[in-house]
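Okay, here's what each chain looks like letter by letter:
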Amino acid sequence: MVDRVVFVAKDVIEENKKLAMRLKGIYDSCGITALEFLGGPGSGKTTLIERLLEYMVKDFKSDEIVYIGGDVATTFDTERISSFGVHTIQINTGGTCHLEVPHIEAAIERLGGIEFLKKRKFLIIENVGNMICPFSFPLGAHARIMVADVAEGVDKFLKHPLSTLVSDIIIINKIDLAEYIGINVNKMIEDAHRINPKAPVFLASAKTRQGINDVYNTLISLSKDLSK
Ligand code: MG
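Small disclaimer: the values here were computed from a predicted structure and weren't measured.

S.K.: Any details on the packing of helix H1 (residues 9-30) against helix H4 (residues 101-111)? Residues and values, ideally.
M.R.: At their nearest, the axes of H1 and H4 sit 9 Å apart, and the two run at 30° to each other. Taken together, H1 and H4 sit at an angle that is classed as roughly parallel. The residues of H4 that touch H1, namely those facing Asn-16, Leu-19, Ala-20, Arg-22, Leu-23 and Tyr-27, are Val-101, Pro-102, Ile-104, Glu-105 and Ile-108. Looking at the contact of H1 with H4, its residues break down into 8 nonpolar, 1 polar and 2 charged.

And the structure:
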């Protein structure tokens, strides 16, 4: 017999949820709006964030915006976002398929901690590209934004009901491709609404900029509501 310590996934998830609530409290006390983007690899999260930043850096100072990029190994996305002049930091998980609260806490600490956050208005977190794990580990964001693209299949939401359920906003991206690959977008919208009636569903194309303005306005409204 040997001594052993066994961790089960549920406990890890529950512990992370408690830490996420604490982190949300920090965001609130700093007056920063935290937006988390989640979705499968290649769904267009980074490009969508770029399109949103095109608006955001006109309405706000780039110094007021922070981006934390989660990626297994590369800095590609964070390099793209840093061209907007916003504060950026990369988290490389070294193989883990999702970010957890300690990752975000470490990134904030590296940026300058609470005093740094207090001077910012928006925290944009791009999670590791994965449709399952990131959704089970909230990071205290005020909105969890799922990016699902039409090329991932018409049954995307049905195949990932829990991920769909915990999302606050759902974006069906690459809408410009739908007609070419024969995807019934209305079916996708119906599925998303059925699984999660509370989450607004947006049709967008980060490439053509279709629908981006509506998404942006929704996020700004959310931020204004939070600061009331
Ligand atoms: Mg990306």
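This is not the end of the story, as more comes after the structure.
S.K.: Can you lay out the coordination of the magnesium ion for me, pointing to particular residues and giving the numbers?
M.R.: Note on the magnesium ion: its protein donors are Thr-46 (OG1), Asp-77 (OD) and Glu-126 (OE). The metal-donor distances range over 2.0 to 2.1 Å. Sequence spacing among the residues donating to the magnesium ion works out to T-x30-D-x48-E. With Asp-77 in helix H3 (residues 76-82) and Glu-126 in strand E4 (residues 122-126), this pair connects stretches of sequence that are 49 residues apart. The burial state of Asp-77 is the same as that of Glu-126; both residues are buried.

S.K.: Pulling in residues and values, what's your account of the side chain of His-160?
M.R.: In this structure, His-160 sits in the loop between helix H7 (156-159) and helix H8 (161-165). Given the relative accessible area of 19%, His-160 is considered buried. If sequence neighbours within four positions are ignored, His-160 has contacts with Met-131 and Ile-132.

S.K.: Explain the packing of helix H2 (residues 45-59) against helix H11 (residues 212-226) residue by residue, including any values.
M.R.: Axes are the key here: two packed helices are described by the angle between their axes and the distance separating the axes. One way to put it is that H2 packs onto H11 with a least axis distance of 10 Å and a crossing angle of 60°. Classified by the angle their axes make, H2 and H11 are oblique. Handedness of the H2/H11 crossing: right-handed. Along its contact with H2, which presents Leu-48, Arg-51, Leu-52, Tyr-55, Met-56 and Asp-59, the element H11 presents Ile-212, Asn-213, Val-215, Tyr-216 and Leu-219. The residue inventory of the contact of H2 with H11, partitioned by class, reads 8 nonpolar, 1 polar and 2 charged.

S.K.: Can you explain the pattern of salt bridges? Please cite residues and give values.
M.R.: Scanning the model with the defined rule gives 14 salt bridges in all. Note that Arg-22 is salt-bridged to Glu-105, the shortest N-O span being 2.8 Å. Linking Arg-22 in helix H1 with Glu-105 in helix H4, this pair joins segments that are 83 residues apart in sequence. Since its relative accessible area comes to 46%, Arg-22 is described here as partly exposed. Between Arg-51 and Glu-54 there is a salt bridge, with the nearest N and O atoms lying 3.0 Å from each other.

S.K.: If you had to explain the sheet that holds strand E3 (residues 87-92) to someone new, which residues and values would you point to?
M.R.: What the 7 strands build is an open sheet, ordered E3-E2-E4-E1-E5-E6-E7; its pairing is parallel. The sheet is open, and its two borders are formed by E3 and strand E7 (201-203), each paired with just one other strand. Within this sheet the neighbouring strands show an average axis-to-axis angle of 20°, counted without direction. Here 3 bridges tie strand E6 (residues 169-173) to E7, and the two strands are oriented parallel to one another. In the sheet register, Ile-172 faces E7, and the bridge partner there is Leu-203. In this fold H2 packs onto strand E1 (33-38), strand E2 (65-71), E4, strand E5 (143-149) and E6, with an angle of close to 165° to the strand it touches most, E4. Sheet strands touched by H4: E2, E3 and E4. Its angle to E3, the strand with the most contacts, is close to 140°.

S.K.: So what about the environment of Val-5? Which residues, and what values?
M.R.: Structurally, Val-5 is set in the segment before H1. Residue Val-5 is classed as exposed on the basis of its relative accessible area of 67%. A sequence separation of 93 residues divides Val-5 from His-98, and the C-alpha atoms of the two residues are 23 Å apart.

S.K.: Break down helix H10 (residues 185-195) for me, with residues and values.
M.R.: Burial in H10 covers these residues: Val-185, Met-188, Ile-189, Asp-191, Ala-192 and Ile-195. Viewed along the axis of H10, the buried residues span an arc of 165°, placing them on a single side of the element. Residues Asn-186 and Arg-194 are exposed on H10 and point more than 90 degrees away from its buried face. Summarising the contacts, the buried residues of H10 are in contact with E5, H7, H8, E6, helix H9 (178-181) and E7. Near the N-terminus of H10, the side chain that reaches the backbone nitrogen of Asn-186, with its oxygen 3.1 Å away, is that of Asn-184.

What counts, and at which threshold
For every chain, the first residue of the written sequence is number 1, and numbering continues from 1 onward in sequence order. Given that this is a predicted model, residues contribute local features only at a pLDDT of at least 70 and side-chain atom pairs are listed and counted only at 80 or more, while totals for whole chains, interfaces and linings are drawn from all residues. Neither water nor hydrogens contribute to the side-chain values; these are computed over all heavy atoms in the structure. Note on geometry: axes are lines fitted to C-alpha atoms, helical ones only across the stretch in contact, with angles between N-to-C directions running from 0 to 180 degrees. Under the DSSP-based scheme used, a helix requires at least four consecutive residues in state H or I and a strand at least two consecutive residues in state E, with every element numbered from the N terminus. Note on angle classes: values under 35 degrees are labelled roughly parallel, values over 145 roughly antiparallel, values of 65 to 115 roughly perpendicular, and the remainder oblique. A contact between two residues is defined here by any heavy atoms of the two lying within 4.5 Å. Amino acid classes used here: Ala, Val, Leu, Ile, Met, Phe, Trp, Tyr, Cys and Pro are nonpolar; Asp, Glu, Lys and Arg are charged; the rest, including Gly, are polar. Metal sites are built from N, O and S donor atoms within 2.8 Å, or 3.2 Å for Na, K and Ca, and they leave out water, so they may look incomplete. Each residue gets one of three labels from its accessible area relative to the maximum for its type: buried under 20%, exposed over 50%, partly exposed in between, using a 1.4 Å probe on protein chains only. The hand of a helix crossing depends on one turn: near helix anticlockwise from the far one by less than a right angle means left-handed, and clockwise means right-handed. A side-chain nitrogen of Lys or Arg and a carboxyl oxygen of Asp or Glu constitute a salt bridge if their distance falls within 4 Å. Two strands qualify as a pair provided DSSP detects at least 2 bridges between them. By construction, the arc corresponds to the directions joining the helix axis to the C-beta atoms. Counted as a polar contact is a pair of N or O atoms within 3.5 Å, where, for protein atoms, one must be capable of donating a hydrogen and the other of accepting one, and residues adjacent in sequence contribute only when both atoms are in side chains.

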